[in-house]
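Spelled out, the chains give:
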Amino acid sequence: MAAGQAQMAQLNTNTRFLHDNIVDYVQRLVATFPQPLSVCFFVNSGSEANDLALRLAWTYSKRRDLLVVEHSYHGHLSSLIDISHYKFAGKGGAGCPDYVWSTPCPDGYRGRFRYADPEVGRHYASTIKRQIDTMLARDRPPAAFIAESLGGVAGQIIPPPGYLQHAYEHVRAAGGLCIADEVQVGFGRVGSAMWAFETQGVVPDIVTLGKPIGNGHPLAAVVTRPEIADAFNTGMEYFNTFGGNPVSCAIGLAVLDVIRNENLAANATHVGGLIKQGLESLQQKHSLIGDVRGVGLFLGAELVRDRDTLEPATEEANRTVEALKHKGILLSTDGPHDNVLKIKPPMCITAADANYFLNALDETLAEFA
Ligand SMILES: Cc1ncc(COP(=O)(O)O)c(C=O)c1O
């Protein structure tokens with residue numbers, strides 16, 4: 001935060017006025033992406049990033065229809081409630097808009113295809129192909145497919161290998177763009193890579209960033225290919241008063257420094273690995289833990305009352321979160337049944353913190369036995 005305070009004391013303006021911080025930050029940020037992702041737009045929140053991503057896709061493709069994934073969340077703007085199955089199909093939702101086409105969540109534990117099937121990733125991608133066929137038959141080709149690279153609100157879903165690769169092939173064969181929502185999962189949280197889409201071996205056309213990008217400061221971004229950005233240059237002009245201001249960019253630069261200097265991605269692999277192993281041991285001991293999944297520091301433990309029927313242990317999951325709160329640990333629940341313990345700690349978590357958490361979880365689950 002010192003970087004932001006120093007810049008705030010000196011000058012804050014907007015991107016109509018050039019400032020070195022903006023240029024430096026764009027260069028540093030896009031250098032973390034594979035080619036051809038080299039153009040960056042700044043906004044203030046993950047929602048704004050996704051809204052802009054949709055505008056880019058609509059303008060470039062000159063199409064309107066969108067493919068989305070069930071149980072996903074992309075933000076609170078009206079354009080994003082429309083494409084967030086978790087909202088439009090959930091409580092208070094108005095249902096699926098006619099230009100939005102849902103596809104199944106690639107959940108290998110509870111979904112329609114399960115881990116045991118070696119082709120599970122391909123099968124989930126085929127459901128997208130089938131939806132595209134229906135769209136094409138109605139003369140409604142997709143503008144884009146938008147998916148979180150790992151499913152957050154869906155319950156810490158790690159798509160099976162090959163899922164995004166085959167999904168992107170199907171979408172691109174129909175002339176659509178592929179948007180990766182990295183708002184929850186980017187910036188080294190997966191440990192093995194800076195961006196979660198890299199774990200699936202794909203390069204999206206548009207990537208949206210938010211949450212950790214400013215370590216608590218409201219900053220977000222959209223990164224895309226030059227042709228897509230060029231097509232957006234219609235003369236209408238994109239302007240955002242606060243997006244990418246010099247203070248935000250100073251903070252964004254400092255965040256990139258800390259991720260690099262403190263080896264936070266390696267820490268995600270190391271401590272995330274310890275937590276995952278610990279959860280797997282607890283799974284042997286507590287029948288309530290039906291599934292343990294995750295990569296790096298993006299982990300989930302799905303609680304079930306019966307490992308055969310997978311009856312969700314929603315109440316137990318909520319009681320676990322409450323009990324851990326009293327032990328100084330903040331978790332939440334996610335997933336369509338709210339029975340997945342969502343474990344997404346700060347990137348600086350230590351092995352000692354991980355042990356403290358695992359012991360506390362062990363004690364808490366023992367109370368349900
Ligand atoms: C995957 C994902 N996309 C987008 C958003 C929206 O971001 P914001 O709350 O910064 O608008 C969220 C927020 O939870 C999110 O989890």
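Residues numbered from 1 in each chain as written. Predicted model: local features only at pLDDT ≥ 70, side-chain atom pairs only at ≥ 80, totals over all residues.

1. Here we look at helix α7 (residues 163–173)
And then number 1: Along α7, the residues that are buried comprise Y163, L164, H166, A167, Y168, H170 and V171.
And then number 2: Where α7 is buried, its residues contact β2 (65–69), α6 (120–137), β4 (142–148) and β5 (177–181).
And then number 3: Following α7 by one or two positions, G175 adopts a phi angle in the positive range, close to 80 degrees. (Buried ≥ 20, exposed ≤ 12 C-beta atoms within 10 Å, placed from the backbone. Helix = DSSP H or I, 4+ residues; strand = E, 2+ residues; numbered from the N terminus. Contact = placed C-beta atoms within 7 Å.)

2. Overview of the pairing of β2
Consecutive side chains of a regular strand alternate in pointing toward one face of the sheet and then the other.
And then number 1: Extensive coverage of β2 is indicated by the burial of five of its five residues.
And then number 2: Bridge analysis of β2 against β4 gives three bridges, and the strand direction is parallel. Bridge assignment links L67 to a residue of β4, and that residue is F145.
And then number 3: Where β2 and strand β3 (residues 100–103) come together, four bridges link them in parallel fashion. Looking at β3, one finds that L66 is bridged to V100. (Pairing = 2+ DSSP bridges.)

3. Considerations on the packing of α6 against α7
And then number 1: Contact geometry for α6 and α7: axes closest at 8 Å, N-to-C directions at 20 degrees. With respect to each other, α6 and α7 are oriented roughly parallel. Relative to α7, α6 is oriented so that their crossing is right-handed. Between α6 and α7, the contacting residues are G121, R122, Y124, A125, I128, K129 and I132 on the first element and Y163, H166, A167, H170 and V171 on the second.
And then number 2: Along the lines of polarity and charge, the residues of the contact of α6 with α7 split into seven nonpolar, three polar and two charged. (Axes fitted to C-alpha atoms, helices over the stretch in contact; angles between N-to-C directions. Parallel < 35°, antiparallel > 145°, perpendicular 65-115°, else oblique. Left-handed = near helix turned anticlockwise from the far one by under 90°. Nonpolar A, V, L, I, M, F, W, Y, C, P; charged D, E, K, R; others polar.)

4. A word on the site of the ligand
And then number 1: Taken together, the neighbourhood of the ligand is formed by 14 residues, with S45, G46, S47, G75 and V183 sitting nearest.
And then number 2: Ranked by the residues each element gives to the shell around the ligand, the list is headed by helix α3 (residues 46–61), at three residues.
And then number 3: Tallied by class, residues from the shell around the ligand come to two nonpolar, 10 polar and two charged. (Near = placed C-beta within 6 Å.)

5. Some details on helix α12 (residues 351–366)
And then number 1: Between the first and last C-alpha of α12 there are 22 Å, a value that for 16 residues agrees with the 22 Å anticipated at 1.5 Å per step.
And then number 2: Residues of α12 that are buried include every one of A354, F357, L361, T364 and L365, and no others. Buried residues of α12 fall within an arc of 95 degrees about the axis and therefore sit on the same side. Seen from the buried face of α12, the exposed residues on the opposite side, beyond 90 degrees, are A351, A352, E363 and A366.
And then number 3: On its buried face, α12 is in contact with α10 (264–285) and α11 (314–326). (Expected span 1.5 Å × (residues − 1). Arc of directions from axis to C-beta.)

6. Overview of the sheet that holds strand β6 (residues 206–209)
And then number 1: With mixed pairing, seven strands are arranged side by side in an open sheet as β1-β7-β6-β5-β4-β2-β3. In this open sheet, the two strands that pair with only one neighbour each are β1 (39–43) and β3. Averaged over all pairs of adjacent strands, the angle between their axes in this sheet comes to 20 degrees, without regard to strand direction.
And then number 2: Running at roughly 155 degrees to β3, α6 makes contact with β2, β3 and β4 of the sheet.

7. Points about the nonpolar core
And then number 1: Judged by nonpolar contacts, the single largest core of 103 residues is most densely connected at A57, F145, I179, A221 and V222.
And then number 2: For this core, the domains that each give at least three residues are domain 1 (2–261) and domain 2 (264–366).
And then number 3: Discounting residues that sit within four places of it in the chain, F145 has contacts with L67, I128, A167, V171, G176, C178 and I179. (Core = buried A, V, L, I, M, F, W, Y, C linked by C-beta atoms within 7 Å. Domains from an automatic or database assignment.)

8. Some points on the sheet that holds strand β10 (residues 332–334)
And then number 1: With respect to topology, four strands assemble into an open sheet ordered β8-β9-β11-β10, the strand pairing being antiparallel. Across the chains shown, the open sheet's two edge strands, defined by having one partner strand only, are β8 (289–295) and β10. Across the sheet, the axes of successive neighbouring strands diverge by a mean angle of 30 degrees, strand direction being ignored.
And then number 2: Alignment of β8 against strand β9 (residues 298–303), held across six bridges, turns out to be antiparallel. The partner of I289 across the bridge, within β9, is L303.
And then number 3: Across the sheet, α10 is in contact with β8, β9 and β11 (340–343); its angle to β8 comes to roughly 170 degrees.
And then number 4: Against the sheet, α11 makes contact with β9, β10 and β11, and its axis sits at roughly 155 degrees relative to β10, the strand it touches most.

9. As for the domain arrangement of the protein chain
And then number 1: Domain parsing of the protein chain yields domain 1 (2–261) and domain 2 (264–366).
And then number 2: Each of domain 1 and domain 2 was reduced to a C-alpha centroid, and the two centroids are 26 Å apart.
And then number 3: Contacts between the two partners involve 20 residues from domain 1, matched on the other side by 22 residues from domain 2.
And then number 4: Tallied by class, residues from the side of domain 1 that touches domain 2 come to 10 nonpolar, eight polar and two charged.

10. Considerations on the packing of helix α1 (residues 2–10) against helix α9 (residues 246–261)
In helix packing, the relevant descriptors are the interaxial angle and the interaxial distance, both defined with respect to the helix axes.
And then number 1: Following both chains from N to C, one finds α1 and α9 inclined at 155 degrees, their axes separated by 8 Å at the closest point. Taken together, the axis directions place α1 and α9 in an arrangement best described as roughly antiparallel. The hand of the α1/α9 crossing is right-handed. On the side of α1, the interface is formed by A3, G4, Q7 and M8, while α9 contributes P246, V247, A250, I251, L253 and A254.
And then number 2: In the contact of α1 with α9, the residues fall into eight nonpolar, two polar and no charged.

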